Amino acid sequence: MSLQDVINWNDHKHDASGMVFVPGGGFAMGSNSHYPEEAPAHGVSVDSFCIDRTPVTNRQFKEFVRATGYVTFAEVPPDPKDYPGALKHMLYAGSLVFTPPSRVAELRDWSQWWQFTKGAAWRHPYGPKSNIKGLDDHPVVHIAYRDAEAYAHWAGKELPTEAEWEFAARGGLDGAEFAWGDELSPGGKHMANIWQGEFPRENRCEDGFARTSPVTAFPPNGYGLHDMIGNVWEWTCDWWSAKHEADAAKPCCIPVNPRGGSETDSYDSCQPKIRIPRKVLKGGSHLCAPNYCRRYRPAARHAEPVDTSTSHVGFRCVIREGRMS
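None of these values were measured; they are calculated from a predicted model.

1. So, the sheet that holds strand E11 (residues 318-320)
Here is step 1: Reading across from one edge, E1-E4-E11 is the order of the 3 strands in this open sheet, with antiparallel pairing throughout. At either end of the open sheet lies a strand with only one pairing partner, and these are strand E1 (19-22) and E11. Each strand axis lies, on average, 20 degrees off the axis of its neighbour in the sheet, ignoring direction.
Here is step 2: By the bridge criterion, 3 bridges tie strand E4 (residues 49-52) to E11 in an arrangement that is antiparallel. Bridging from a neighbouring strand, Cys50 pairs with Ile319 of E11.
Here is step 3: Each of E1, E4 and E11 touches helix H4 (residues 162-170); the most contacted strand, E4, lies at about 75 degrees to it.

Now the structure itself:
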């Protein structure tokens, strides 16, 4: 079933159960202290909205698939015309799975620990012999952008903008480093599912989890939202841009409900032959570590091609003020 089929099929009313109301307001979006794509920090404001209390779980996604017969991107063999130069025997249905290497030559080479695994998909998160038995309350993973969009339409919701997501993640703590304050582990308490140890070889699992965790395993932020940091990256509906726009010249002109860059500008300049646009991911995941990818912060952002799914990317949805009922 395609996205359009889901839209045509959907007769749901907007259901805000399991969601949290976030009152609109202004905040400083981005950061000048970390990765260049987070800069510059700049003032924006968003209108009120409701957002899912947790990432969408395997249980919830299972209900969607049962109701619609939807087939995810990872379950369909790629179209050769979308990947010029690719060997035909390599174009099979699957998804990227994190596999810890025995040794690492260079941390910049992510192919050492990511493997495109045949048969990996939301029901089989680590390959065809794995399953989600006992993981109903874990976030659904191996979700490409179109999959998240299809679920949102079916549920009568939408995907958040980057600004909405970041505002919600901050939980009312404008300018704080993390979603809960300025210390990563206040009083030694783990506040999110991230990596402890030397990534990617050693995970000490001091937070209790080697991979994903139940979506309410860690404390909520100031708005009552769980897992805004860590566990899985989350899709937003904004096209990727290499950096934020600078502050408006006048206070009266602060952007309201800003959107990201253009689809054209979102393409990866390092792969000019592959014209796959990219969206913004937020929140970091269980693979973020102090020695690698310190993106377990509200300001952090990452580019993800819309055709890509992995074992550490999920999503949550919103209902905007004008559509609340």
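Picking up after the structure, the text goes on.
2. Some details on the confidence of the model for the protein
Close inspection of predicted coordinates is inappropriate in any region flagged by low pLDDT.
Here is step 1: Taken as a whole, the protein shows an average pLDDT of 92; of its residues, 94% reach a score of 70 or greater.
Here is step 2: Within the model, pLDDT remains below 50 along residues 1-13, and this stretch shows 23 contacts once partners closer than five positions in the same chain are excluded.

3. Concerning the pattern of salt bridges
Here is step 1: Under the defined criterion, the tally for this structure stands at 18 salt bridges.
Here is step 2: For Glu38, the salt bridge goes to Arg297, with nearest N and O atoms at 2.7 Å. Of the two residues, Glu38 is situated in the loop between strand E2 (25-29) and strand E3 (42-46) and Arg297 in the loop between strand E8 (278-282) and strand E9 (301-305); the sequence distance between them amounts to 259 residues. Here Glu38 matches Arg297 in class, with each residue buried.
Here is step 3: As a salt-bridge pair, Arg204 and Glu206 come within 2.6 Å of each other at their nearest N and O atoms.
Here is step 4: Overall, the relative accessible area of 43% leaves Glu206 in the partly exposed class.
Here is step 5: The network of salt bridges with shared partners includes Glu162, Glu166, Arg170, Lys282 and Arg301.

4. Things to note about the environment of Leu107
Here is step 1: Structurally, the position occupied by Leu107 is in the loop between strand E5 (94-98) and strand E6 (114-118).
Here is step 2: Considering only alpha carbons, one finds Leu107 and Pro214, 107 residues apart in sequence, at a separation of 29 Å.
Here is step 3: Those residues in contact with Leu107, other than ones at most four positions away along the chain, are Trp113, Phe199, Pro200, Asn291 and Tyr292.

Reading the values: the criteria
Residues numbered from 1 in each chain as written. Predicted model: local features only at pLDDT ≥ 70, side-chain atom pairs only at ≥ 80, totals over all residues. Heavy atoms only, no water. Pairing = 2+ DSSP bridges. Helix = DSSP H or I, 4+ residues; strand = E, 2+ residues; numbered from the N terminus. Axes fitted to C-alpha atoms, helices over the stretch in contact; angles between N-to-C directions. Contact = heavy atoms within 4.5 Å. pLDDT = per-residue confidence, 0-100. Salt bridge = Lys/Arg side-chain N within 4 Å of Asp/Glu carboxyl O. Buried < 20%, exposed > 50% of the residue type's maximum accessible area, 1.4 Å probe, protein only.

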